[in-house]
Amino acid sequence: MSTAVLALQHINKQFGHGHTAVTALNDANFEVNAGEFVAIIGPSGSGKSTFLTIAAGLQTPTSGQVLLNGQALTKQSEKERLAYRFNEIGFILQSSNLIPFLTVTEQFKLVDKMAHRPFQQSAALELLNELALSDVKNAYPNELSGGERQRVAIARALYNDPSVILADEPTASLDTPRSIDVVQRLAAEAHQHNKAIVMVTHDQRLISHCDVVYRIEDGNMTRDNTATAQ
Amino acid sequence: MYLGLKEMRHEKLRYSLLSGVLLLIALVVFMLAGLANGLSNGNRQAVDQWHATTVYLNKNANQTLSASQLTLADKKHLQGTKIAPLSNLSGTLRTSNNQLKTTASAFGTSRNSFLMPTVTSGHRINGKNQLLISAALKDQGYHLGQKVRIGTTKKTVKIVGTYAASTYSIAPTVYTDTATLNRLKGSPVTSGQQQPINAFVTKRSHFKTSKHGNLQRMSINTFIDNLPGYSAEQLTLNTMIYFLFVIALAVIGIFMFVLTLQKQALFGVLKVQGIGTSHIIAALLTQSIAMALIGIGLGLAITVGLAQIMPAGLPFVINWQAFGIYSLALLGAAVIGALLSWRTVAKIDPVVAIG
Ligand SMILES: Nc1ncnc2c1ncn2[C@@H]1O[C@H](COP(=O)(O)OP(=O)(O)O)[C@@H](O)[C@H]1O
Ligand SMILES: [Mg+2]
């Protein structure tokens, strides 16, 4: 039995029918454990976003199954899928997924409002401190630098204590030093908080900071055991 | 709630603009409602004060009091309690030296009739050529003991009593007895059962037999609806008010829809994070209800303020019941306006936020 937090087994995803059909994922197998920072690397159009949307329950695979903590996500209602995303998954999107009219602290408060619980002030302050955001906790997203915004997105994703964090090209809008900073922080958070973090990227320079690397090309996904130093 | 209110706080200008537009709409609604109510009062206040249920007019009078000709003797067709004859004369009330001149609605009825208003100063009518005047006339300078004329005759009557504010056909009322009113009208018969009158007004009554001469029975509400100009005035003003509800709905609906289109990407991101359509709609509802409440509240406050400084000639009367109903209607327009964006929000696909 697998102990994976998130596992995708024999996933196929096709768009369209007949000779215009596109196979975005072809028998993809994937797993991530708690405390692991996994990269999925591949060129544009290779199926990375399709993979993330299936893992997040935003799209259903043509065949195969997604397991979260050993439980299959099948035939969920729209409401259950929303609850799944809210409770089990933390998202970090390409550019900012922050809400423009909420301050950094309020981004956390919104999560609490949705979960019908009081503001977890000490948890929020700890995360802000960890990610060097204490000085900007009352700032709005448009007052932050690109790097700060992505750090807030990381903090917000961790704040709800999800099973797994999915990051879709989180460094796409950052320069190299800031990209490396963000990736190092993701790695540190995975290890410190024993979180499963999956990062999709097309940037080769970032993979040295990851524990496991999957390569994807034309929908074919393979685990690359030579990529990381360990 | 949280999302909606935080966004309003951050985008104060944008949301105050819509609140301002709603304030203007609410203000016009309340002003029109006040005028409609004032005009309604001016037309029917005296009728309401009768607390009557049924009116009998001549069936050829087209349900109009002034066109209806009956005689006191027609009472033989009726059976019931509190049946009062009513005569009406609209004309100029003036003092004999012409120093005071006012358009007034004069009513004649029997001296002990239930239509006679309760006297607040002076005494009830107990003899010929006596007149009771309503409060507005007293305020204009008419006083007890004064001799006045009504209409074009040289005959005078003496003011013996005053009573509460009362209007009919947008003119203050005066009351006298049937015979005196007939003298003022210049009627050839001024005593006995053949005296002309315009109507019988009753509390509870019916025809004695199926033969009832040229009498026509109608409810007090039908009578009021047929007061000259009354229905047309009310319909005009109420139609304007109803159009304003449609305008409010369109303004809120379009405003919220445009904002929704602008925020599609953000809503997609919210959905990715598990914050679904119902939470987003709740935020839109919070915003439009909050804006409507601000607009309605300020609109009411300004209307009450303006009512204090309005010229006395303007027939403006605040009716809290109508204001309450119209406030709820505006709130309803805000709710529906926000819900018009529902489909658009529901169709936003979170998948587009990824990739
Ligand atoms: N909704 C869709 N309809 C049709 N084709 C799609 C759709 N989504 C993705 N694809 C196709 O699937 C392939 C993988 O796309 P995607 O997962 O977005 O790649 P990546 O994120 O790696 O750039 C591409 O060829 C793309 O055109
Ligand atoms: Mg992509």
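Per chain, residues are indexed from 1 in the order of the written sequence. The lettering of chains begins at A and the numbering of ligands begins at 1, in the order of writing. Local features are withheld for residues below a pLDDT of 70 in this predicted model, meaning they are given only at 70 or higher, and side-chain atom pairs are given and counted only at 80 or more; totals for whole chains, interfaces and linings count all residues. Derived side-chain values reflect all non-hydrogen atoms in the structure, with water molecules and hydrogen atoms excluded from consideration.

Labelled according to an unreviewed UniProt entry, chain B appears under the name Putative hemin transport system permease protein HrtB, originating from Lactiplantibacillus garii. As stated in UniProt under Subcellular location (unreviewed entry), the record for chain B gives "Cell membrane". UniProt positions are given in the numbering used here, feature names are shortened, and annotations may be inferred rather than shown by experiment.

The name given to chain A in an unreviewed UniProt entry is Putative hemin import ATP-binding protein HrtA, with the source organism recorded as Lactiplantibacillus garii. You can read under Function (unreviewed entry) in the UniProt record for chain A the words "Part of the ABC transporter complex hrt involved in hemin import. Responsible for energy coupling to the transport system."

A. Fine view of the overall build of chain B. Looking only at helices and strands, chain B features ten helices and 13 strands. Only C-alpha atoms enter the radius of gyration; for comparison, a globular chain is expected to reach 2.2 Å times N to the power 0.38, where N is the number of residues. Relative to its length of 355 residues, chain B is extended, with a C-alpha radius of gyration of 29 Å against a globular reference of 20 Å. Principal axes of the C-alpha set define a box for chain B whose edges measure 100 × 50 × 25 Å. For chain B, the residues scored as buried account for 51% of the 355 residues in total. Intrachain contacts of chain B at a sequence separation of at least 6 include 79% that bridge at least 24 residues. Secondary structure follows DSSP: runs of H or I at least 4 residues long count as helices, runs of E at least 2 residues long count as strands, and numbering of each begins at the N terminus. Residue exposure (1.4 Å probe, protein chains only): buried if accessible area is under 20% of the type maximum, exposed if over 50%, otherwise partly exposed. Whether two residues touch is decided by their heavy atoms; if any such pair falls within 4.5 Å, the residues are in contact.

B. Just the pattern of salt bridges, in detail. Between Lys or Arg on one side and Asp or Glu on the other, a salt bridge is scored when a side-chain nitrogen of the former is within 4 Å of a carboxyl oxygen of the latter. Tallied over the entire structure, the rule returns 13 salt bridges over all chains. One connected set of salt bridges, linked through shared partners, spans Glu106(A), Lys6(B) and Arg9(B).

C. Structural context of the site of ligand 1. Residues and elements named next belong to chain A. If you check the shell around ligand 1, you find Phe 15, Val 22, Ala 24, Pro 43, Ser 44, Gly 45, Ser 46, Gly 47, Lys 48, Ser 49 and Thr 50 and nothing else. Under this definition, polar contacts are N or O atom pairs within 3.5 Å; protein pairs additionally need one hydrogen-donor-capable and one acceptor-capable atom, and for neighbouring residues in sequence, both atoms have to be side-chain atoms. Backbone polar atom of Ser 46 to an oxygen atom of ligand 1: 3.2 Å apart, as the coordinates give it. Here an oxygen atom of ligand 1 and a side-chain polar atom of Ser 49 are 2.8 Å apart. For the shell around ligand 1, the secondary structure elements donating two or more residues are β2 (22-32) and α1 (48-55). Polar here means any residue outside two lists: the nonpolar Ala, Val, Leu, Ile, Met, Phe, Trp, Tyr, Cys and Pro, and the charged Asp, Glu, Lys and Arg; Gly therefore counts as polar. Here the shell around ligand 1 is composed, by residue class, of four nonpolar, six polar and one charged. To be near a molecule or strand, a residue needs just one of its heavy atoms within 4 Å of it.

D. Expanded view of the environment of Thr81(B). Looking at where Thr81(B) falls in the secondary structure, it is placed in strand β3 (residues 78-95). On a C-alpha basis, the gap between Thr81(B) and Arg204(B) in space is 5.5 Å, while along the polypeptide they are 123 residues apart.

E. Structural context of the interface of chain B and chain A. Taken together, the contact pairs 21 residues of chain B with 24 residues of chain A. Two parts placed together each lose some accessible area under a 1.4 Å probe, and the buried area is that loss summed for both. Regarding the contact of chain B and chain A, the summed buried area is about 2300 Å², with carbon and sulfur atoms giving 70% of it. Counting the surface chain B buries against chain A, the share from its top three residues, Tyr2(B), Gln273(B) and Ile354(B), is 30%. Applying the counting criterion to the chain B and chain A interface returns two salt bridges. Here Lys6(B) makes a salt bridge to Glu106(A), at a shortest N to O gap of 3.2 Å. Put simply, chain B and chain A have seven residue pairs in polar contact (both at pLDDT 80 or more) between them. For the side of chain B that touches chain A, the secondary structure elements donating two or more residues are α1 (2-10) and α7 (264-272) of chain B.

F. How the structure looks around the confidence of the model for chain A. Scored by pLDDT, chain A has a mean of 91; 97% of the residues are at 70 or more. How sure the predictor is of each residue is captured by pLDDT, a score from 0 to 100. Of all helices and strands in chain A, the one with the weakest mean pLDDT is strand β5 (residues 71-72) of chain A (84), whereas strand β3 (residues 37-41) of chain A scores best (96).

G. Spotlight on the sheet that holds β2(A). All names here are of chain A. Strand pairing follows a simple DSSP-based rule, namely that at least 2 bridges must link the two strands. Here we have four strands laid out as an open sheet, ordered β2-β1-β4-β5, and antiparallel in their pairing. Of all the strands in the sheet, just β2 and β5 have a single pairing partner and so form its edges. Fitted lines through C-alpha atoms serve as axes, helices being fitted only where they are in contact, and the angles separating the N-to-C directions of these axes extend from 0 to 180 degrees. Against the sheet, α1 makes contact with β1 (6-15), β2 and β4 (63-68), and its axis sits at roughly 120 degrees relative to β1, the strand it touches most.

H. Seen up close, the nonpolar core. By convention a nonpolar core is built from buried Ala, Val, Leu, Ile, Met, Phe, Trp, Tyr and Cys residues, the set being connected through side-chain atoms within 4.5 Å. In terms of nonpolar packing, the biggest core is built from 87 residues, with Phe37(A) and Met199(A) touching the most fellow members. Looking at this core, the element that brings in the most residues is helix α2 (residues 12-50) of chain B, giving eleven residues. With residues up to four places along the chain from it excluded, the contact list for Met199(A) reads Phe37(A), Val38(A), Ala39(A), Ile40(A), Ala167(A), Pro170(A), Val183(A), Leu186(A), Leu206(A) and Cys210(A). Ile54(A), Leu73(A), Val200(A) and Tyr214(A) belong to the second largest nonpolar core, which has 36 residues in total.

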